[in-house]
Every structure is written in structure tokens, then in C-alpha cells.
Amino acid sequence: MTATAAPAPVRPKYVGQAVRRREDSRLLQGQGSFVADLKRRGTLHMALLRSPVSHAQIGSIDVSAARAGAGVLDVLTARDLIEVGDIPCIDIYPDSKPATHPILATDRVRYVGQPVAAVVARTAAQAEAAVGLIEVEYRPLPAVVGLDEALRAESELLYPSFGTNVVNTVPQDVGDVEAALAAADRTYTETFRIHRYGPMPMETRGVLAEMDPVTQRLVLHTSTQFPHLVRQFLGGVLGLPESQIRVVAPDVGGGFGGKCEFYPEEVLAPVFAMRLRKPIRWIESRAEHMVSSSQAREQRHEVTVGATNDGEITVMTVESWTNNGAAFCTLATTPASISSAMTRGPYRIPNYRARAHSVVSNKTPLAVYRGAGHPQGALVMERMIDIIAADLGLDRVELRLRNMITPAELPLDRGTDIVLGGHVEYDSGDYPETLARAAAMIGYADREQAKAEALARGRHLGIGLCCFVEETSIGPYEAATVKVDASGKVTLLTGSSPHGQGHVTTFSQLVADEFEIPIEDVTVLYGDTDVVTEGVGTFASRSAAIGGAAARKAAEDVRRKAMRIASHLLEVDLEDLEWHAGGVQVKGAAQARLELGAISAAATPWNAPLPNGMEWNLAATHNHQVPGIAFANAAHAAKVEVDTGTGQVRIVDYVVVHDCGRVINPLLVEGQVIGGVAQGVGGTMFEEIVYDADGQPQSLTFNDYLLPTVSDIPWVRTDHLESPSPMNPYGFKGAGEGGASGAPGAVVNAISDALAPLGVSLTSDGPWTPENVIAEILKARSTQA
């Protein structure tokens, strides 16, 4: 056999097992290191003046009193940043109107909380005090708050040169929509409204910028989901080569998309650090988070569906509007793009047209949040399915199954496209099976008996279903390096930067299995662009399928190299060697064996020459690129009881059947699913970011923005299918967003089912607080009267 022979098959040990998280002990003992924990001698503190009005021209800014304030060392306004670029938007379309976000407001402010000026002082209190000394002349302009306002012809324009408040439109066209509508036996038209809420991580954002005293390079510590992209963005905005920038993401206390953005503070602190040659620190307060970190979800969908009398859905049109707030974030059009591309979910619907518009308004900018556009699209589709089933007198499960794509039809080109993701072609899955399992687990067949029993107790019971397909594992690539030292211990460097997902555990499982070594022998390093020089980041449910695949492939390359070195050292042909338990041995003669550490020690330049053409050291780097999107799928089922006297909704049972391809660690997948359900339930039942007519935010603290507690979240039961994806060598798909994507649709369908006897049919995702439930009941009674 030649020296390029593949290694022997791996004996699985960890992959597929519920390995407990290796990260948790350190974090639970308070040994985490977050941005707010970082200390530097001589650190100065940054504070921002944020606009108190939603829309105004800036007449003048007087910072003289602030400059003279106690402890103040520097003040910045937009005039000081003429050479600094705006926040980059990476999902902007060629014909998008460039509603980019300046680092500091120039001639106009467009939302409450927009940064206008920045101050650095010796203490945080002095910086905050100096901010209060800045005088700004605001010349008020009419506020444009809601979508209806923004779209009126007579409304104020946020960017007058655009001539419109619609700044982007995503088109999707499949089949012959007009002919299909004309041929449909029945058509259904509904308008759905998705309310505004957003990511609320335990750790707010924070930055610490400094100049390295030895190299004179800029170092930025930031709470982010993608340190390598921050390095790229910062270099572009400041005009610095990336080689002069180091970005470090230490422990990150949750992100959920809110830290998958590049923010003004990540530019301002470095600018101050370069000007003052001192460390600059800024930690976001929760009040700042409520007005300055990205928000999410808000959309309106106008939907028409055509169907035959026996329930075959033949055509669908969707025109949607996303309230993007005052400017484009780093990821601004993605929610509109995903919802338009993925609304049909697991259903055939051969004729489809969507137009997804992004609209600017005087709200905090909107961007991605766990699931991005998937929860909106799934809710719209699943509500339409239930509405059609009720009209036709068909069972809701049966109607879904009649229209559902089967495994035999996959792979299937859907004819739509997702910005940054690419063309939508479903790869693998058994959508009918996920639905069948979920329906069985929730007791769908016995629903009428359960409803009767609940009614006897004075409660209206309902069951809701939500099936969807979601894009995961988007590219373009992820990087990994695997190194083995002379002790036989393995170090993995990964470009995937975690913020709670369990990367250390899952990636260790993959690498340990490749070498057949204890998982404790694997160290995982991440989050520092000087340690891991290449990478993309953690978002869009991509870490395991792309970052994990890169790690596994790098480990494969190292193992293959180790086999060649062992063949050279033992003077034995490769075909006569085998890998076993962290070493190489001669087949049939286990005593003739080299441990992994011994092979590594022999692979250094200090030792005998290696085989021709082989580089020194037992290490390999792999940049894993993907040929397309890996599509996960799930079916959610919720059972609720509604007290029609008080409007109180209680979720009494919740089921998720999820398919994320080959499962690396079922314990972590279950945690991801349950955590996502909690966020989806929170957004559907409790959370809402409210603005008044003047664009003033009314949700400034957790007294005003209601988060669910453990008593509000049901016990979530899960089951898993494994449909391996052909998009990577190991069959992995993403699992991070499936819980959040299906919860709104399942819960809203369940509430609507419970209240159907009262004439209620819900066309909003909530929040379904008691007050809003009562309002729907009263509206239905009024309509019936």
C-alpha cells in the first residue's frame, strides 16, 4: 500500500453520546472571564451621549463644558471621525438603498439611543457626568414609528434623498403564480403581524480597547459572536491592516444574534485608545441595551393561498414588510430574506411568489435574533394551514401530510435564495415522520376527550402544531488547526467562537474519537485572532456542521500524518500498521507500537529526517468549505389551557421532534432545543418592545419588558430523527435555532384552537398576555353580534 493510504476506521466512543459539558465546572464556580472582569492598570472609562429624541436635525453640539469636566481626557463627535467609515452591512443587496449607520450621528438623529458623542474620563462616574454637560440643539422632525406610518406617501422620509422609506426588496419567484391562482378552487387571504422583541443575553455588551505596549498593535476585547469578522470590520472602518489588529472574545454570556453585529462602541473605544494610548473600557448598562443593541422580529405579511377542494395547496403569494428601524445593521436584510425564502417550509406548493420589503423607521435598528426569519415564516405558513383545514373541514395533521414533501422527493430545488446562504435546495429529512411522532407524543388523537375534560374544569384546551424546515450550516468556511505535543496531548484551535453552545465539549468529542484518546486529553482554544488566525464565527446554527467538520478533518489529517511517520520510524509498510487507542502498532504485534506522543516528539526538526515531502511537527490545518446549505427540520406541538374569564394561558405540554442530522451530543442538542423553546415562548407570551407615537421606547428595564421565568416554561419533551446531510462528510446539520423557530407557530395555533369555539382566529404572534387574549375574545363576540 502506498504512503497515502487512509487510516483505519475510527472506533466511535464519544460521538453520539450524552457527554456532560466540560465548560460548566469553571463557569458555575464563578471562574469565567468576561469583558467586565478584565482589569488593566490605568484604564479609562467611556460613556456615550445618546439621542433623547427619535427624529431630529442636529443644529449644533457644544462639548466645551464636557471637555472641562472633572477627570475628562477626551471627547469625540462626528466631526472627529471624518475619516472613519460607517458600520458595514454585509447582507446589503446591489440595489439596496444605503441606509448605513454612522459611528456617531452627523446631521440627523433617527432613533432614541443613537450615539451622538463619546467621552472618556478617569472613572465611569466622571464620564457619565461629562456626558450630561454636552449641549445639543435638536430640531425635531416628525417621528415615523410603525410600518403603516412609514409606508404612507405623506410620511416623513428618514433619508430624503432616497425618496422612500422602503430601502430593500427581496424577490422570490417560483412557477406560474397567476395561472395557479386562476385555477385554484379556493383562495384564502390573511394579514399577519409579527411584533417587536429581541435578544436579551445575561451579559450585556462590553469592550476593552488598548494598544499593545510591545508591538504597538491595537487590541480589542469585545463580547461578540465573531471576533475574526470584527477584526475585518474594524480594519475596514479605521483604514488599518488586519495585521495591526488583535480581537479577543473572552467568555461571552449569551449572544442569540444580538452580538452577531458590529457596533459603534467597537470603533469608538479603539479610536480613543489610539488617541490616548491608554486602555479604554465600556460596559453596556441594561437601559442602554434596550435602546442601542439590535432588536428583532417585527414584520407584516399579506398572504394569499390557493388550494383545491380536497386540500392540495397549489399556490402562495406573500408580500411582507420588515420594520428595520433607523438604519441597516451588519445583518439587516437577512430576516426578510430568510422568511421570504423559507415560508413554504416542508410543503410542496409548486407556485410561489414573495416580495419582502425592508422599511426604515425611527426605532432602534433591527437585525437577526435566534432563528432570524424562520419563526415569522413558520408562523405564517402554519396558521394558514390551520385556517384552510378549518374551512375545508379537514383534519389538521392530514392536511399537512397531503402537502408535505416526502423523503423520496429529496434532494429538492425550492427555487428560492437566501442572502449570504445561497440557493435553497433541501438535502435530506423525513418531514412526515417528524410530524407523526410529534402528533403522537402530544396526544393529538385523543384531543377531543382532553378538550371535554378541560371544559369540565372551566378551561378551553387547544393543541397547536408547527412544522418547518430551516437553513443551517451556512458558509463560506470555518478554520481549525490540530496539534499534538510530545506528551500525546492534543490542542484544537477553532475559528468558531462560543457563547454558551458547548464547543469545548462537542469539538473534543470529535477530535478524541479520531485519535481514540480520552476526551480530557483535548484542549480547545478559540476567540483570539492571534491564537486562531483564521475563522468566521458562531451564528446561523453553523458551528458543529462547519466548525466541527473542520476540526474532525484536521484531526484526520494529523492521524494520517502520524501513520506515515510511524511507518518511517518502525520501517514497516503502512499496510502492515493499524491505529489503536491513541497510537500506531504493527498488525498482529501490538508490542511493536508507537504512542501518539512519541510520534509527535520524533516529528520535530531536532530529530531524524521525516519522509520526503513531509513538514515538521504533528499538526494540520483545515479550512472547511461547504457546497451548500444543510437543512434541519422539526415539528413542534403545544397543548394549552385558556381561562376565558381571565385570559390566562397555561402551556400544559410541549413536544419537539427535531432532525439535525447526525447528533454529536444528544444532551447538548436537547439543551439547545429546550432553550430555544423558552425564548420562543417568551416572545409569544410575554416579551414586547413598545414605542409610543413619538418614537419614545417604553420598554427600558425588565420592569417594562417581561421575560419568562422557569415557572412559565413548560416541561419540554423531545425526540430526534437523524437524516445525515450530504453537505459535510459526517452528516451534521445545525441545532441551535430549531427550538425558537417553531415555538411561536405552535403556541399561537394552540391558543387559536382553544378559542375557536368562541369564534377567535389569531393572526398575530402576540404577545398573548391575558389582556390581549381577552381583547381577542371580546372582538370575536362583537363580530358575532
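Residues numbered from 1 in each chain as written. Predicted model: local features only at pLDDT ≥ 70, side-chain atom pairs only at ≥ 80, totals over all residues. Heavy atoms only, no water.

Turning our eyes to something else, we now look at the overall build of the protein. Along the protein, the regular secondary structure elements total 19 helices and 28 strands. For 785 residues, the compact-globule estimate of 2.2 N^0.38 gives 28 Å, and the C-alpha radius of gyration of the protein, at 28 Å, lies within 12% of that figure. The buried share among the 785 residues of the protein stands at 61%. Expressed as a percentage of contacts within the protein between residues at least 6 apart in sequence, the contacts between residues at least 24 apart total 80%. Of the accessible surface of the protein, which amounts to about 28600 Å², a share of 52% is contributed by carbon and sulfur atoms. Within the protein, the 92 negative side-chain charges are centred at a point lying 4 Å from the centre of the 67 positive side-chain charges. (Helix = DSSP H or I, 4+ residues; strand = E, 2+ residues; numbered from the N terminus. Rg over C-alpha atoms; globule rule 2.2 N^0.38 Å. Buried < 20%, exposed > 50% of the residue type's maximum accessible area, 1.4 Å probe, protein only. Contact = heavy atoms within 4.5 Å. Areas by Shrake-Rupley, 256 points an atom, 1.4 Å probe, with all protein chains shown as cover. Lys, Arg positive; Asp, Glu negative; His and termini not counted. Charge placed at Lys NZ, Arg CZ, Asp CG, Glu CD.)

Let's shift gears to the packing of aromatic side chains. For the structure shown, the criterion picks out nine aromatic pairs. Aromatic pair F226 and F539: ring centres 6.2 Å apart, planes at 80 degrees, arrangement edge-to-face. With F226 in the loop between β10 (218-222) and α6 (227-238) and F539 in the loop between β21 (522-525) and α15 (543-570), this pair connects stretches of sequence that are 313 residues apart. Judged by its relative accessible area of 1%, F226 is buried. For the pair Y426 and Y431, a centre-to-centre distance of 6.1 Å together with 90 degrees between the ring planes defines the contact as edge-to-face. Among the residues examined, Y426 registers a relative accessible area of 1% and is labelled buried. Put simply, the rings of F226, F233, F262 and F539 pair up and form one aromatic cluster. (Phe/Tyr/Trp six-rings, centres within 6.5 Å; stacked < 30°, edge-to-face > 60°.)

α15 packs onto helix α14 (residues 503-515) with a crossing angle of 30 degrees between their chain directions and a minimal axis gap of 9 Å. Judged on the interaxial angle alone, α15 and α14 are roughly parallel. Between α14 and α15 the crossing geometry is right-handed. For the pair α14 and α15, the contacting residues are H503, F507, L510, V511, D513, E514 and F515 in the first and S543, A544, G547, G548, A551, R552, A555, E556, V558 and R559 in the second. Along the lines of polarity and charge, the residues of the contact of α14 with α15 split into eight nonpolar, four polar and five charged. (Axes fitted to C-alpha atoms, helices over the stretch in contact; angles between N-to-C directions. Parallel < 35°, antiparallel > 145°, perpendicular 65-115°, else oblique. Left-handed = near helix turned anticlockwise from the far one by under 90°. Nonpolar A, V, L, I, M, F, W, Y, C, P; charged D, E, K, R; others polar.)

Cis rather than trans, the peptide bond between G475 and P476 has omega equal to 10 degrees. Assignment of secondary structure puts P476 in the loop between β18 (460-472) and β19 (477-484). Backbone geometry places F256, a non-glycine residue, at a positive phi of 60 degrees. As for its position among the elements, F256 is in the loop between β11 (245-248) and α7 (265-276). Note on F256: relative accessible area 28%, which makes it partly exposed. One non-glycine residue, R277, lies in the positive phi region at around 55 degrees. Its place among the elements puts R277 in the loop between α7 and β12 (280-283). Judged by relative accessible area, which is 46%, R277 ranks as partly exposed.

This part is about the side chain of Q679. By secondary structure assignment, the location of Q679 is in helix α17 (residues 666-685). Overall, Q679 belongs to the buried group, its relative accessible area being 14%. Once residues lying within four places of it in the same chain are set aside, the contact partners of Q679 are F256, Y369, R370 and E687.

Turning next to helix α12 (residues 431-442). The end-to-end C-alpha distance of α12, which contains twelve residues, comes to 17 Å, matching closely the 16 Å that a straight helix rising 1.5 Å per residue would cover. Buried residues of α12: Y431, P432, T434, L435, A438, A439 and I442, and no others. Down the axis of α12, the sector holding all buried residues measures 160 degrees, keeping them to one side. Of the surrounding elements, those touching the buried residues of α12 are α11 (396-403), β17 (422-426), β18, β26 (630-643), β27 (648-659) and β28 (716-721). Just downstream of α12 lies G443, where phi reads positive at about 80 degrees. (Expected span 1.5 Å × (residues − 1). Arc of directions from axis to C-beta.)

What the four strands build is an open sheet, ordered β18-β26-β27-β28; its pairing is mixed. Each edge of the open sheet carries a strand with a single partner, namely β18 and β28. Across this sheet, the average inter-strand angle for adjacent strands is 20 degrees, counted without regard to direction. For β27 and β28, the ladder comprises six bridges, and the chain directions are parallel. Within β28, the residue paired with V656 across the bridge is T718. The strands that helix α18 (residues 738-755) touches are β18, β26 and β27; relative to β18, the one it contacts most, it runs at about 155 degrees. (Pairing = 2+ DSSP bridges.)

As a further point, take the confidence of the model for the protein. Averaged over all residues, the pLDDT of the protein is 95; the fraction at 70 or higher stands at 98%. Note that residues 1-8 has pLDDT below 50 and, in this model, twelve contacts with residues that lie over four places away or in other chains. (pLDDT = per-residue confidence, 0-100.)

As a further point, take the environment of Q172. As for its position among the elements, Q172 is in strand β7 (residues 166-174). Given a relative accessible area of 3%, Q172 falls into the buried group. For Q172 and D417, which are 245 residues apart along the polypeptide, the C-alpha to C-alpha distance reads 7.3 Å. Once residues within four sequence positions are removed from consideration, Q172 is found in contact with S337, S340, A341, Y352, R353, A354, R355, T416 and D417. Here D417 takes part through its backbone oxygen, which lies 2.9 Å from a polar atom of the side chain of Q172. (Polar contact = N/O pair within 3.5 Å; in protein donor to acceptor, adjacent residues only side chain to side chain.)

Moving on, we come to the pattern of salt bridges. One pass over the structure, following the stated rule, counts 46 salt bridges. For E265, the salt bridge identified is with R205, shortest N-O distance 3.0 Å. Taken as a pair, E265 in helix α7 and R205 in the loop between β8 (186-194) and β9 (206-211) lie far apart in primary sequence, 60 residues in all. One salt-bridge network, in which partners are shared between bridges, spans E382, D386, R396, R400, K451 and D753. (Salt bridge = Lys/Arg side-chain N within 4 Å of Asp/Glu carboxyl O.)

Sheet architecture is open: seven strands sit in the order β3-β5-β1-β12-β9-β10-β11, paired in mixed fashion. Each edge of the open sheet carries a strand with a single partner, namely β3 (72-76) and β11. On average, adjacent strands in this sheet sit at an angle of 20 degrees to one another, irrespective of strand direction. Bridge count between strand β1 (residues 44-50) and β12: two bridges; the pairing is parallel. When the sheet's bridge partners are listed, L44 is paired in β12 with I280. Contacts between α6 and the sheet are confined to β10 and β11, with β11 contributing the most and set at about 145 degrees to the helix.

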